[in-house]
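Residues per chain, in single letters:
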Amino acid sequence: MADITITINGIKCTAKEGESILNVARANNIFIPAICYLSCCSPTLACRLCIADVDGKRAYTCNAKAKDGQVVITNTEEIEAERRAIMEVYIVNHPLECGVCDKSGECELQNYVLEAKVEEQHYAINNTYGNIENWGFTRYDPSLCIVCERCVTVCKDKIGEAALKTVPRGEELAVPKEYKDTMPKDAYAVWNKMQKSLIGKNKNENGEMISCGDCGECSAVCPVGALTSVDFHYASNAWELKKIPASNPHSSDCSLIYYEVKQTSISDPTPKIYRVSGDRDFAPLNRAARFGYDYANNVTCKDEKSFDKVVNFIQNGVGTITFNSFITNEEAFILQKIKEKFGLKLINEDAFLYQRFLRAMSKASGYNLYKGSTENVRKSDLIISVGSMLRYDMPNLAYAFNNALKMNKAFGIYAHPIHDKIVQNYSKNLLQLNYKIGSEEAILYLLLEIFAPLNELDDITSEYLQTFHTVETKVVNDEEMDINTSRLWEIAGLEDVRGKIEEIKASRENISLIIGQDILTHPRWENMAYIVGVLERVTNIKAVIAPYETNSLGVALICELDEFQEGGSFGYNRPADITISALGNGDLDMPSLNQQEGTFTNIDKRVVPTNAALSYKGYELNDIANALGIYSEHTIDYTKKLPEEHGFKDVEFDELTNYYDNAGNEHRGYLLENNIKEVSKAVSGFDELTFHNDVIYRLNPRSQFNSFVNAAHQTKITPSFYASKEFLDSHGFENGDLIDIFLKNGATLSLYAQEDINIAGEFAYVPTFDEKVNVHPLFKNYRFAEVTIKKAADE
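Attention here is on the structure that accompanies the text. (Residues numbered from 1 in each chain as written. Predicted model: local features only at pLDDT ≥ 70, side-chain atom pairs only at ≥ 80, totals over all residues. Heavy atoms only, no water.)

1. Looking at the pattern of salt bridges
1) Next: Going through the model one piece at a time under the given rule, you end up with 33 salt bridges.
2) Next: For Asp53, the salt bridge goes to Arg58, with nearest N and O atoms at 3.3 Å.
3) Next: Look at the salt bridges and you will find they share partners, linking Asp53, Arg58, Glu78 and Glu82 into a network. (Salt bridge = Lys/Arg side-chain N within 4 Å of Asp/Glu carboxyl O.)

2. Focus on the sheet that holds strand S12 (residues 256-263)
1) Next: Ordered by their spatial adjacency, three strands build an open sheet running S11-S12-S13, and the pairing between neighbours is antiparallel. Each edge of the open sheet is held by one strand with a lone partner, namely strand S11 (242-247) and strand S13 (271-278). Neighbour to neighbour, the strand axes of the sheet diverge by 30 degrees on average, direction disregarded. (Pairing = 2+ DSSP bridges. Helix = DSSP H or I, 4+ residues; strand = E, 2+ residues; numbered from the N terminus. Axes fitted to C-alpha atoms, helices over the stretch in contact; angles between N-to-C directions.)

3. Section: the side chain of Asn551
1) Next: Structurally, the position occupied by Asn551 is in the loop between strand S23 (541-545) and helix H22 (552-558).
2) Next: The exposure class of Asn551 is buried, given its relative accessible area of 0%.
3) Next: Looking at Asn551, its side chain comes within polar contact range of the side chain of Asn329, at 3.0 Å.
4) Next: Excluding residues that lie within four positions of it along the chain, Asn551 makes contacts with Ser325, Ile327, Thr328, Asn329, Thr599, Phe600 and Thr601. (Buried < 20%, exposed > 50% of the residue type's maximum accessible area, 1.4 Å probe, protein only. Polar contact = N/O pair within 3.5 Å; in protein donor to acceptor, adjacent residues only side chain to side chain. Contact = heavy atoms within 4.5 Å.)

4. Brief notes about the pairing of strand S35 (residues 748-755)
1) Next: Bridge count between strand S33 (residues 721-723) and S35: three bridges; the pairing is parallel. Paired with Ala723 across the strands is Glu755, a residue of S35.
2) Next: Direction of pairing for strand S34 (residues 738-742) relative to S35: antiparallel, over a ladder of five bridges. Residue pairing in the sheet places Phe742 in a bridge with Thr748 of S35.

5. Describing the nonpolar core
Taken as a class, soluble globular proteins show a tendency for nonpolar side chains to be buried jointly.
1) Next: Ranked by size, the top nonpolar core spans 139 residues in total, and within it Phe323, Phe357, Leu448, Ile545 and Ile624 carry the most contacts.
2) Next: Residue contacts for Ile545: discarding those within four places in its chain leaves Tyr354, Phe357, Leu358, Met361, Tyr370, Ile515, Leu520, Val532 and Ile603.
3) Next: Core analysis: the next-biggest nonpolar cluster, separate from the first, contains 45 residues, Leu49, Met87, Tyr179 and Tyr188 among them. (Core = buried A, V, L, I, M, F, W, Y, C linked by side-chain atoms within 4.5 Å.)

6. Overview of the sheet that holds strand S27 (residues 598-601)
1) Next: Taken together, three strands build an open sheet; the order of strands is S27-S28-S31 and the sheet is antiparallel. With partners counted over all chains shown, the strands left at the sheet margins are S27 and strand S31 (670-671), one partner each.
2) Next: With four bridges joining them, S27 and strand S28 (residues 606-610) adopt antiparallel strand pairing. From the neighbouring strand, Thr599 faces S28, where its bridge partner is Pro609.
3) Next: Against the sheet, helix H10 (residues 329-342) touches S27 and S28, its axis set at about 90 degrees to S27.

7. A short note on the environment of Asp740
1) Next: Relative to the assigned elements, Asp740 resides in strand S34.
2) Next: Exposure remark for Asp740: the relative accessible area of 16% places this residue in the buried category.
3) Next: Contacts of Asp740, omitting those with residues within four sequence positions, involve Thr748, Leu749, Ser750, Thr788, Ile789, Lys790 and Ala792.
4) Next: A distance of 2.6 Å separates a polar atom in the side chain of Asp740 from a polar atom in the side chain of Ser750.

8. Regarding the packing of helix H4 (residues 150-159) against helix H14 (residues 395-407)
1) Next: Two elements in contact, H4 and H14, have axes separated by 6 Å at closest approach and are oriented at 100 degrees. One way to sum up the angle between H4 and H14 is to call them roughly perpendicular. In this structure, H4 uses Lys156, Asp157, Lys158 and Ile159 to contact H14, whose residues at the interface are Tyr399, Asn402, Asn403, Lys406 and Met407.
2) Next: Class assignment for the residues of the contact of H4 with H14 results in three nonpolar, two polar and four charged. (Parallel < 35°, antiparallel > 145°, perpendicular 65-115°, else oblique. Nonpolar A, V, L, I, M, F, W, Y, C, P; charged D, E, K, R; others polar.)

9. Observations concerning helix H21 (residues 525-538)
1) Next: Here H21 contains 14 residues, and its C-alpha end-to-end distance of 20 Å stays within 8% of the 20 Å for a straight helix at 1.5 Å per residue.
2) Next: The element H21 is largely enclosed, with a buried count of 12 among its 14 residues.
3) Next: Looking only at H21, the buried set comprises Trp525, Asn527, Met528, Ala529, Tyr530, Ile531, Val532, Gly533, Val534, Leu535, Glu536 and Val538.
4) Next: Taken together, the buried residues of H21 touch helix H11 (349-365), helix H16 (440-451), strand S22 (511-515), helix H20 (517-521) and S23. (Expected span 1.5 Å × (residues − 1).)

Listed below in structure tokens is the structure:
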């Protein structure tokens, strides 16, 4: 879209043609009230407060599009009077409970009533009542609801679940007719809607209640106290809480969050996290980020005996350090220093898979990192996701995927063997491809064949693609014709959608490709990395490689990782001969991520800061490093020392920012440098995976990423054997049955069955969020594994 200039209240503003006037005003710090509109969502015109004169005509700025040369006036006496009438309508029967309302102190209704200078009430009507309901983690009080529809909009346009809708109020009282002719028409329309409607749960096209993922975004955007956190209800006044900016520690989006903290009680001055909030316009949060916050490791003193034991073991008895990616960049840097000093193996399964894929991909792409990001996905007109149960693995990428379909009218191709019912309802512009298990390589070859110009491919790649082709003679319009067909469609089981995909490709320019964990763990990962690299080099596709754990990209860039361990093992948040743990279950306690300063490297290749919300009085990894002769006063002293050859910058921790501006521009840390590399690899080879027995998948329930999420009081659940209704029925299982899973090594894993109502097809999965349930021997080479499954004889 071209740059244009419009004038708002005498201020010249640069904008993109077609952008909403309200968004242009916000980007230029010009205030226009709006209690229903959310950035990056469709306008609902529910509140009508954003009225303005646009070139002499009345318009709603949330919906009106900017055009070059427009003159906009937002604050005439007439407009101010209409806004005052609308605000009077909103508070006709709004309960005067501000002293005990959870929203008091941050209530937009309070703010706008004061802004509009409402000093008296000209209207009256009998009140209606509704029952307070708890919807999972969210409490709905209909008496406080102003039916702005923000909750409905955010759930549909950002989250993609569409779990809420407006419903008839039931006890409907019409607005008195005498007001219709005496009050502004916009105020009458708002009032009439409030009297007729409330918010309720939504159903899908089959009449089934839509499952809510408990992300809490509906309560986050609610301008009043109608939707609040069940756990936060009557816990604190908003103005008592100190907001500490940080980054989501549970998943690789590392979204901007604020820990909201105050003392535990009058008698206990210990700081406590009461809730987590975010930037509601530009950074939606997943369930773990918002509700999985109280997992701190409460340590009151330093355990010198255990500390000495750990240091001595590293110096004299360890051959391998094993750890996961729920650590900061600075801690990863310390572990690499320990590896180098003592000649140790460094094992991190998730980051190792990620590292080897990136390195292989870079040999074909010519860059050390992929080109895409979450923002690229959101702004794309075609998004392709392959090899990920996106809503489960990376909810924030799923939000961006859905948002592009809704707001850009983009087309989506979602490819995975397991059918996701929620994804299917994202948009009519979505094609969900449930390909054969193991055929990810065929899918990527198809993308290469469809999108890559043949004259841009190297000879080896071009010639190899031709090996999949056969010429068949077919009768077309009574004439025999030779048709060149590719057997890749048959291999993937996608013959029926070939025409549709080729049609989609024709008019799409901004294309994002999301690569999931199924591809990173696949036995043919290396060749698939080359294919993705070629796609980025010769097409306009921008790839996003999705790591599962929070900081796997950072670890992959900072550490030189090994595949196999040797000798005694030292574990950081992982089982080993000697373990240090932020969960409090090791030989020496460590601080949890909400007790640390440091940085993460998120999926968008951005180094973002996180701050400590709670105190910690025990030893840290840096103390161990100091005892080993690797000295630094503070862990964050390493922030500026992160390896510049891998894209990091010489920046002090305290110089890193962490916010969005009014235009949605991200001021969070810095972007990694994406360095150019020499192209040295071409694609070749192909191998089909075949399965004969029962197949299960490695997958955590939505947003249940790890043991830290499962340590928080709101998000703690019991691990189960999760399965579709079709799988349970075909095996004669029911919810609650104890299921024995027999592994190839002779071990048995037993879990209780639980239906996942959001998936279809004969599929089941087992989780990894609880390390007591050791499923890792099943999934050494791929996320799908063959097993024998039986109902336990004696439960």
